[in-house]
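# Fold and contact review
The lines below spell out each chain.
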Protein chains: 2
Amino acid sequence: MDPLYLSYSQANGVPQESKLATYMNHQSSSPTSSLNQSMVALTLDQPVSIKKENVGGTTYFYPTSSGETGPLAEEVPSTTPVPTVVMPNFTVYTGSPTHVSSLKEKSSTSGFYVSEELRMEQMHRNALILAQPDPEQYPDLPAEVEHYRDLCPLKPVAAAPANKTQLMGYSASSYKATNVKTGIRYCLQRIHGYRLPNTKCMAVVDMWKQLEHSNVVQLRDVFTTKAFGDYSIIFVYDYHPGAETLTMKHFQQCEPVNGYTDPFSADPNAPRPYSHQKNKILLQQQSNLLPESVIWNYIIQLTAGLRVIHAAGLACRTLDPNTIILSGRSHLRINSVAIPDVLTCDSTATNPHHLTSHCQQEDLTSLGKLVLALACRSLVACNRENIQTSLDLVARAYSPDLRNLIMYLLTNSQQPQQPKSVTDLMPMIGARFYTQLDAVQARADMLENELAKELENGRLCRLLVKLGTVNERPELNMDQAWSETGDRYMLKLFRDYVFHQVTEDGSPWVDMSHVVQCLNKLDAGVSDKICLMSRDGQSILVVSYAELKHCLEQSFSEILSAATKQDIS
Amino acid sequence: MDPLYLSYSQANGVPQESKLATYMNHQSSSPTSSLNQSMVALTLDQPVSIKKENVGGTTYFYPTSSGETGPLAEEVPSTTPVPTVVMPNFTVYTGSPTHVSSLKEKSSTSGFYVSEELRMEQMHRNALILAQPDPEQYPDLPAEVEHYRDLCPLKPVAAAPANKTQLMGYSASSYKATNVKTGIRYCLQRIHGYRLPNTKCMAVVDMWKQLEHSNVVQLRDVFTTKAFGDYSIIFVYDYHPGAETLTMKHFQQCEPVNGYTDPFSADPNAPRPYSHQKNKILLQQQSNLLPESVIWNYIIQLTAGLRVIHAAGLACRTLDPNTIILSGRSHLRINSVAIPDVLTCDSTATNPHHLTSHCQQEDLTSLGKLVLALACRSLVACNRENIQTSLDLVARAYSPDLRNLIMYLLTNSQQPQQPKSVTDLMPMIGARFYTQLDAVQARADMLENELAKELENGRLCRLLVKLGTVNERPELNMDQAWSETGDRYMLKLFRDYVFHQVTEDGSPWVDMSHVVQCLNKLDAGVSDKICLMSRDGQSILVVSYAELKHCLEQSFSEILSAATKQDIS
């Protein structure tokens with residue numbers, strides 16, 4: 001939780017509608033005659049006609065009549081013909097659209113900044129991307145492997161020593177690493193002690209590299225290295241920070257729920273959840289099983305991935321809960337592709353294509369076992385001795401579609417000449433495609449709205465930096481009075497107007513909506529006028545935001561040209 | 001185009017990798033010993049132990065030893081076990097992940113702000129939401145209708161006078177309007193001169209109000225009003241700014257392409273596009289037909305909408321290109337729902353359910369006509385005399401699946417006791433569901449990444465406002481020297497350090513990455529130390545960001561308590 005965020009919004013008591021109020025104030029205060037300006041551009045950028053007068057070193061600005069009128073009409077986006085309405089000449093976030101607000105993040109505390117939950121997710125992801133290895137724990141990490149550096153072991157130290165796991169009989173480790181040239185992080189999977197017999201398998205590696213799909217972790221590169229002090233082969237994949245394998249997500253949390261954990265527990269007297277329950281959902285809840293919708297969500301994503309893999313003439317070869325990762329909100333990806341192809345590469349094989357179609361059939365069997373394991377929430381569910389009990393559990397707890405899908409995948413085809421195909425599963429998935437589409441579409445809509453909120457913040461932030469660069473600058477071009485004279489004097493008074501408002505008796509008036517409104521009007525350069533008073537109260541300036549915008553651009557470009565001049569000389 | 005955005009980033013010559021560089025500088029400059037701090041929280045928020053010393057009205061701060069060490073380890077998100085790596089104690093955007101960068105917006109000019117295209121889309125949408133009617137064009141708009149105000153006509157003035165269109169024999173208009181209580185904009189559809197005979201149809205209105213789906217425009221309210229000077233009935237829907245009807249999008253742009261426009265043009269000698277072409281895609285291009293993927297995209301969305309409508313025991317009753325709207329990137333929604341139900345409400349009907357299933361069958365026929373019209377890009381394609389030619393065109397230019405789908409929908413069922421169903425279409429859509437899912441998922445990923453870029457802006461913006469509220473404040477609690485002494489003096493020098501850096505010879509050094517880095521470190525309160533120099537160069541302070549953060553929080557809370565005190569007294 002960002003303490004700044006909370007303290008600020010709570011302490012000020014800024015209501016959630018403050019930006020809205022800002023807009024409404026603007027509307028009600030602007031005279032009706034300004035509606036006759038017909039259409040104006042989204043941001044006014046034409047030079048404003050201004051009369052200057054220098055009094056005692058301070059320049060005062062008066063707008064001439066041409067500065068008051070004549071906004072440009074031709075800059076309006078012309079895609080939608082709305083010829084008889086007046087478009088605003090400023091831009092603010094206009095609040096969540098109604099079709100999104102009903103799906104909005106529950107924990108959203110504010111309508112004007114991105115929801116706290118999304119923010120924390122993203123921050124956690126960023127932190128993981130920036131994480132560094134503890135040099136005491138990993139003293140022997142190589143500084144650079146090919147063109148990757150900043151290696152950081154990814155898997156937690158588990159039972160296996162030194163971050164190693166077994167993969168097809170080989171030790172394997174995975175690291176986060178940064179590409180030296182691009183600065184982008186990748187995931188390196190290292191197979192220890194493996195010497196590539198020949199480069200024949202690189203053809204299949206190239207096929208994998210070209211396969212792009214949202215449910216497959218993208219393979220980027222494969223190379224051999226001696227940087228770890230042995231012969232290793234490295235597979236470079238996209239890095240998905242915070243991703244968990246299906247094993248971690250669903251097959252490790254064995255907290256007992258209602259005294260019941262594993263349907264295959266050794267205790268024969270343990271209560272069997274499916275003995276007297278009729279309501280399947282209740283049964284799923286009571287026995288700590290996954291909701292059916294979650295399983296179908298995974299099936300749709302897994303079949304989507306398998307479909308493109310098989311269509312590309314490839315096969316997964318190892319589809320198990322360890323090679324499938326989940327990131328974000330249940331976004332599933334098939335990981336570690338191409339590793340089995342390389343490790344089992346048989347350079348003497350006469351018909352590699354025949355082997356592929358055999359492996360594709362095995363992929364489908366693996367998928368069936370995986371779905372059965374997920375449905376029973378147990379990795380031993382698909383052992384030969386358990387399989388009938390498992391299928392009974394599925395029949396009791398889930399829909400016939402799910403059972404049929406598993407049966408289809410696990411049953412050997414009667415006609416070997418008619419191989420099974422992943423597309424045969426589509427009728428069993430059925431209208432669940434629509435549910436999935438609706439969910440993903442709703443998430444995209446929600447993200448687009450969250451983006452709309454923060455979009456304007458970046459603009460205001462850049463504007464504040466610009467203002468800060470000009471205000472109170474000690475000197476420019478040897479002129480120590482630079483920030484106190486001319487354009488800059490007006491901007492100084494404007495800064496006071498924005499940030500240092502006080503009530504009638506002199507106590508501070510802190511209002512975020514006032515700041516946002518002022519900055520938005522400055523950025524748009526509207527013709528509204530404000531009264532700026534000098535600190536001694538002796539002089540009062542009436543200026544429009546358009547003039548202030550001109551002042552800021554003028555002053556900032558003076559600084560920039562002074563900075564650039566230096567570079568050239 | 002936001003001029004500020006461009007001028008700033010171009011003029012400064014900030015490279016696209018500037019934030020990355022910021023991170024890298026930070027990494028390389030931090031001593032290795034700091035890695036031993038084990039894990040620290042994402043933002044440090046504990047009170048820092050600081051020794052104060054007042055010299056001539058100015059307070060100087062020295063960190064004590066306890067302020068240097070002991071960051072909190074227990075605040076780290078504990079979901080992913082990564083026990084042996086060091087998490088960063090700051091947060092910055094870490095660059096586009098590789099799985100997104102391949103799908104990124106083409107026009108994206110910067111890796112650190114949201115892409116220009118998305119920004120313009122959102123700004124255009126905001127502008128439409130804020131648009132106001134020209135009072136000269138619409139002098140007789142009511143100020144308020146029920147609890148909606150700020151009415152603004154939505155449809156452009158076309159052939160029909162005064163924004164009216166015909167709907168089932170009634171004149172109809174649509175307006176954007178603002179809900180008085182919530183400030184949210186809705187779309188009002190007004191049927192002119194209609195008196196509700198009885199309230200019996202309100203039951204079906206309630207059913208529509210409860211139907212929520214991403215492919216149906218949500219009905220929010222229905223009421224009658226005399227505010228327009230007649231008896232009108234108003235249907236309140238969600239407002240989708242910038243949405244176009246299918247008619248506007250696909251059946252009005254009749255620019256001739258290759259001399260060929262309408263396949264049903266009156267001129268019998270006009271070149272027929274499908275005469276000698278074998279390549280279907282080439283044929284689609286040459287004859288200005290829609291790509292097949294676009295049509296399937298619409299079919300999937302329309303069937304998704306129809307599916308939930310029919311499942312809810314309702315029927316569209318008018319499914320034509322005028323009642324279907326497209327917003328954003330081809331997001332399709334069925335509009336004007338419930339209007340036909342109300343207008344054709346027969347209070348004497350004995351079996352309304354029977355009528356509904358009849359209307360559902362008609363919905364499917366309408367869908368078939370609509371798809372045929374889209375495929376031929378002509379509204380007359382489904383006229384009886386053209387239908388064979390149209391189907392021939394579909395067969396030549398598109399896949400058999402599309403033709404079969406149209407045939408199924410347009411052919412009368414042989415067994416009236418077996419009504420057609422929208423789910424029967426699923427096998428014809430087939431694996432295109434996967435394509436659609438992949439596309440929507442990719443868009444969600446892209447939006448999430450764009451959001452990640454802008455996420456930190458709101459935080460930095462609030463931090464700048466906080467700093468601006470403290471810096472250079474003329475007086476607080478009658479103390480005119482408040483902003484020049486104590487905590488505030490340090491913050492003043494820090495402000496100079498952030499914004500007024502100069503090179504060795506005194507010329508300005510303007511660098512956005514420096515500003516972002518300083519603000520991020522301030523917000524995180526890291527233990528890095530910086531050297532602040534007074535303007536006269538006489539005194540130099542060495543302070544950590546943690547101390548500066550403490551100063552800012554202290555000073556800002558003083559202002560807040562002064563502001564609150566006033567409210568109470």
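Please read these numbers as outputs of a predicted model, since none were measured by experiment. (Residues numbered from 1 in each chain as written. Chains lettered and ligands numbered in written order. Predicted model: local features only at pLDDT ≥ 70, side-chain atom pairs only at ≥ 80, totals over all residues.)

The next point concerns helix α12 (residues 387-397) of chain B. By the burial criterion, the buried members of α12 of chain B are Ser390, Leu393, Val394 and Ala397 of chain B. Burial along α12 of chain B is one-sided: seen end-on, the buried residues are contained in an arc of 100°. (Buried ≥ 20, exposed ≤ 12 C-beta atoms within 10 Å, placed from the backbone. Helix = DSSP H or I, 4+ residues; strand = E, 2+ residues; numbered from the N terminus. Arc of directions from axis to C-beta.)

Right, let's talk about the nonpolar core for a bit. Counting residues in hydrophobic clusters, the biggest one holds 177 residues, and the most contacted among them are Val371, Leu372 and Ala375 of chain A together with Val371, Leu372 and Ala375 of chain B. Ignoring any residue separated from it by four or fewer positions in sequence, one finds Leu372 of chain A in contact with Ala381, Cys382, Ser390, Val394 and Ile406 of chain A. By size, the runner-up hydrophobic cluster in this structure holds 69 residues, among which are Val516, Val543 and Cys551 of chain A together with Leu552 of chain B. (Core = buried A, V, L, I, M, F, W, Y, C linked by C-beta atoms within 7 Å. Contact = placed C-beta atoms within 7 Å.)

The next subject is the packing of helix α12 (residues 387-397) of chain A against helix α13 (residues 400-410) of chain A. Residues and elements named next belong to chain A. Closest axis-to-axis distance for the α12/α13 pair is 8 Å, and the angle between their directions is 155°. Regarding the angle of α12 to α13, the classification is roughly antiparallel. Crossing geometry of α12 relative to α13 is assigned as right-handed. Along the contact surface, α12 presents Leu391, Val394 and Ala395, while α13 presents Leu402, Arg403 and Ile406. Here the residues of the contact of α12 with α13 sort into 5 nonpolar, no polar and 1 charged. (Axes fitted to C-alpha atoms, helices over the stretch in contact; angles between N-to-C directions. Parallel < 35°, antiparallel > 145°, perpendicular 65-115°, else oblique. Left-handed = near helix turned anticlockwise from the far one by under 90°. Nonpolar A, V, L, I, M, F, W, Y, C, P; charged D, E, K, R; others polar.)

What follows deals with unusual backbone geometry. The phi angle at Arg377 of chain A is positive, at roughly 55°, despite the residue not being glycine. Tracing the backbone shows Arg377 of chain A in the loop between α11 (352-376) and α12. The phi angle at Met478 of chain B is positive, at roughly 65°, despite the residue not being glycine.

To characterise two packed helices, one gives the angle between the axes of the helices and the distance between these axes. All names here are of chain A. As a packed pair, helix α9 (residues 292-311) and helix α15 (residues 432-470) sit with axes 10 Å apart at the nearest point and diverge in direction by 90°. Here α9 lies roughly perpendicular to α15, going by the angle between them. Contact residues: α9 offers Trp296, Asn297 and Ile300, while α15 offers Arg432, Phe433 and Gln436.

Right, let's talk about helix α17 (residues 512-524) of chain A for a bit. All names here are of chain A. If you check α17, its first and last C-alpha atoms are 18 Å apart, about what 13 residues at 1.5 Å a residue would give, namely 18 Å. α17 sits mainly inside the fold: 11 of its 13 residues count as buried. Among the residues of α17, those classed as buried are Met512, Val515, Val516, Gln517, Cys518, Leu519, Asn520, Lys521, Leu522, Asp523 and Ala524. Backbone geometry just downstream of α17 places Gly525 in the positive-phi region, at approximately 65°. (Expected span 1.5 Å × (residues − 1).)

Let's shift gears to the sheet that holds strand β12 (residues 244-245) of chain A. On the basis of which strands lie adjacent, the open sheet formed by 3 strands has the order β12-β13-β14 (chain A) and antiparallel pairing. For this open sheet the edge positions go to β12 and β14 (331-334) of chain A, each flanked by a neighbour on one side alone. (Pairing = 2+ DSSP bridges.)

Our next topic: the UniProt feature "binding site: ATP" (unreviewed entry) in chain A. Residue and element names in this part refer to chain A. The sites that carry the UniProt feature "binding site: ATP" (unreviewed entry) are, in the present numbering, Asp238, Tyr239, His240, Pro241, Gly242, Ala243, Glu244 and Thr245. Within the element layout of this structure, Pro241 appears in the loop between β11 (232-238) and β12. In contact with Pro241, other than residues within four places in its own chain, are Arg125, Leu128 and Ile129. Structurally, Thr245 is set in strand β12. The residues contacting Thr245, other than those within four sequence positions of it, are Pro321, Asn322, Ile324 and Ile325. (UniProt positions renumbered as here; feature names shortened; annotations may be inferred.)

Residue and element names in this part refer to chain A. Here Ile191 lies in strand β9 (residues 185-191). The exposure class assigned to Ile191 is buried, which follows from the 21 C-beta atoms found within 10 Å. C-alpha separation for the pair Ile191 and Ile233, spaced 42 residues apart in sequence, amounts to 5.4 Å.

This next bit is on the sheet that holds strand β12 (residues 244-245) of chain B. Within the open sheet, the 3 strands sit side by side as β12-β13-β14 (chain B). Their pairing is antiparallel. Edge positions in the sheet fall to β12 and β14 (331-334) of chain B, since each of these pairs with one other strand and no more.

This next bit is on the pairing of strand β6 (residues 148-153) of chain A. Residue and element names in this part refer to chain A. Within β6, 5 of the 6 residues are buried, which leaves it mostly tucked inside the rest of the structure. The pairing of strand β5 (residues 144-145) with β6 spans 2 bridges and is classified as antiparallel. What sits directly across from Glu144, in β6, is Arg149. Count of turn residues in the β5/β6 antiparallel hairpin: 2 residues, of which Glu146 carries a positive phi of about 50°. Pairing of β6 with strand β8 (residues 170-179) involves 4 bridges; the strand directions are antiparallel. Within β8, the position partnered with Arg149 by the bridge is Thr178.

By the element assignment, Gln218 of chain A lies in the loop between α6 (202-210) and β10 (219-225). Separated by 18 residues in sequence, Gln218 of chain A and Val236 of chain A place their C-alpha atoms 8.7 Å apart.

With that out of the way, let us pick up the environment of Lys181 of chain A. With respect to the helices and strands, Lys181 of chain A occurs in the loop between β8 and β9. Separated by 33 residues in sequence, Lys181 of chain A and Tyr148 of chain A place their C-alpha atoms 8.6 Å apart.

Residue and element names in this part refer to chain A. Here chain A averages 76 in pLDDT, and 70% of its residues register 70 or above. The low-confidence segment residues 157-163 (pLDDT under 50) makes 7 contacts with residues lying over four places distant or belonging to another chain. Between residues 255-278, whose pLDDT stays under 50, and residues either more than four places distant or in other chains, the model counts 32 contacts. Per the prediction output, this complex has pTM 0.74; the corresponding ipTM is 0.72. (pLDDT = per-residue confidence, 0-100.)

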